[in-house]
Amino acid sequence: MPPVLFFEPKVGRGFAFCPRSGGIFELMPDEYEVLVRKEPGEQYKAMLDEMRAYSGKRYTVADFVAHLTSLGILHDRLSFPATVEIELTKACNLRCTHCLVSAGGPLPNEVSTERWVSLLEELGKYAVRVVLTGGEPLIHLGFLDILTAAKRVGLSVKLLTNGTLVPERIDDLSGLLNPLTDEVQISLDGLRETHDAIRGAGNFDRAVSGIKALIGAGIPVSVAFTVLPQNRSDALPLYRQLARMGISSFRVAWGLPLGRQKTSVSYQSYLDLVATLREESQKLGIPVSGGDLGASLPVSPDSLYSCAAGTSQAFISSTGEVYPCLLLRYPEYMMGSIKDTNLLGIWRTGPWDRLKRHLSGTKCASCPLFGACRGGCPGEALLFSGTINAPAPSCRWNDGES
């Protein structure tokens, strides 16, 4: 299949991810244009042959987007969002006790299927990846049209789902998703008894059936586990069970006291759990992610876009409002609405400068980890400190010791 492409005018370079070899490549403008147009000729064939013959470290689409995010941080935002997260609907078939967005029924003024499709046609001209979420995206009546549109324009797709409706949609998913560029992330929050206490009776078995259906169809499945006070002890046995099933990765998220969830474990307790799981992953071979620092970048603690939010990524609510990310879903960070204009116009004219963090007066300024941490998640900083201009609660440098 063809490379996944992105062009950044600020540096005058194109960037390509070759799914078959797993390589990431930097291209001169003329080389980028050759690949975009797919012109026949020896230059095009030689370039593709070189990409396919790459034998270095294998990357994923997520790694490619992370690379672009680093580029955006260094160059004052990307010219186009590389990733767009779309909350298709607030509707959900579950009522999870820890739901970040308190999903339930659809909102009365949600974006139409036709508008989502036209947005995806726009994104196909410049974006790399679309994340489809909710609520529960599979419950959306226009889901198939939306997924079809995303694949028709060449976008990589990441689908976030609770997994319970996957078996009945497996034919649609296996017919459209590409194992080299797409993935499904299913949430499991414990072994059967714990998961069902959080997400409702019978939903563990339904989610596991969804995982098995996807793996059987050759579609990569990552599992997301949110660490809560009530499920921490389930993480290791659940990981072992899922590793035997053949999942592609296990993502461990720190459960924040947001939405319906009012309590959380300490961040250190979360990091300790991640370390335990990573030790086990050395035996089982299934990658574990969570609590990771980013690439170390030569950035200043003042006036900094610190992460993907608003730098390489936009989040669109089910009613069309554009935010930097889910955690910064506050009125002061609402950048516009796709009901009023196209996303690129919002990306270029919205008040994104509000996301620049000023951390020079904090302990971040002298922290040896700052280049990789960059103050941590601004959404978490806002939640715990009331401002993005403070270190996030995930800070791991105390009293001058890393």
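Predicted model, so just to flag it, every value in this text is computed and none were measured.

Conventions and cut-offs
Residues numbered from 1 in each chain as written. Predicted model: local features only at pLDDT ≥ 70, side-chain atom pairs only at ≥ 80, totals over all residues. Heavy atoms only, no water. Helix = DSSP H or I, 4+ residues; strand = E, 2+ residues; numbered from the N terminus. Rg over C-alpha atoms; globule rule 2.2 N^0.38 Å. Buried < 20%, exposed > 50% of the residue type's maximum accessible area, 1.4 Å probe, protein only. Contact = heavy atoms within 4.5 Å. Areas by Shrake-Rupley, 256 points an atom, 1.4 Å probe, with all protein chains shown as cover. Lys, Arg positive; Asp, Glu negative; His and termini not counted. Charge placed at Lys NZ, Arg CZ, Asp CG, Glu CD. Pairing = 2+ DSSP bridges. Axes fitted to C-alpha atoms, helices over the stretch in contact; angles between N-to-C directions. Right-handed = clockwise from strand over helix to strand, strands pointing away.

**Q** I keep staring at the overall build of the protein and nothing clicks. Help me out?
**A** When its secondary structure is counted, the protein shows 13 helices and 13 strands. In terms of overall dimensions, the protein is globule-like: its C-alpha atoms have a radius of gyration of 21 Å, near the 21 Å expected for 402 residues. Taken along the three principal axes of its C-alpha coordinates, the protein extends 60 × 55 × 50 Å. Going through the 402 residues of the protein one by one, you find that 55% of them count as buried. Counted over contacts in the protein with a minimum sequence separation of 6, partners at least 24 positions apart contribute 71%. Surface accessibility of the protein: about 16900 Å² in total, with carbon and sulfur atoms responsible for 50%. Within the protein, the 41 negative side-chain charges are centred at a point lying 2 Å from the centre of the 40 positive side-chain charges.

**Q** Looking at this structure, I do not really get the sheet that holds strand 1 (residues 4-8). What am I missing?
**A** The pairing of strands in a sheet comes from backbone hydrogen bonds and takes either a parallel or an antiparallel form. In spatial order, the strands read 1-2-3; together these three strands make up an open sheet with antiparallel pairing. The outermost strands of the open sheet, each flanked by one partner alone, are strand 1 and strand 3 (23-27). Across this sheet, the average inter-strand angle for adjacent strands is 20°, counted without regard to direction. The pairing of strand 1 with strand 2 (residues 13-18) spans five bridges and is antiparallel. Within strand 2, the residue paired with Glu8 across the bridge is Arg13. Sitting on the sheet, helix 1 (residues 29-37) touches strand 1, strand 2 and strand 3, and the angle it makes with strand 1 is about 140°.

**Q** Would you take a moment to explain helix 5 (residues 143-152) for this structure?
**A** Helical geometry: 3.6 residues make up each α-helical turn, so side chains three or four residues apart lie on a common side. Residues Phe143, Ile146, Leu147, Ala149, Ala150 and Lys151 constitute the buried set of helix 5. Residues of helix 5 that are buried sit in contact with helix 4 (113-123), strand 5 (129-133), strand 6 (156-161) and helix 6 (166-176). Directly beyond the C-terminal end of helix 5, a positive phi value near 85° is found at Gly154.

**Q** Before we go on, may I ask you to explain the environment of Phe370 in this structure?
**A** Along the chain, Phe370 turns up in helix 12 (residues 370-373). Overall, the relative accessible area of 6% leaves Phe370 in the buried class. On a C-alpha basis, the gap between Phe370 and Trp397 in space is 9.6 Å, while along the polypeptide they are 27 residues apart. With near-sequence residues (within four places) excluded, Phe370 lies in contact with Val299, Ser300, Pro301, Leu304, Leu359, Cys364 and Gly375.

**Q** I would appreciate a short explanation of the pairing of strand 6 in the present structure.
**A** Regular strands place their side chains on alternate faces of the sheet. Summarising burial for strand 6: six of the six residues are buried, a large majority. Both faces of strand 6 are covered, namely the face carrying Ser156, Lys158 and Leu160 and the face carrying Val157, Leu159 and Thr161. The parallel pair strand 5 and strand 6 is bridged by helix 5, and the resulting crossover is right-handed. A crossover connection joins strand 6 to the parallel strand 7 (residues 183-187) through helix 6; in handedness this β-α-β unit is right-handed.

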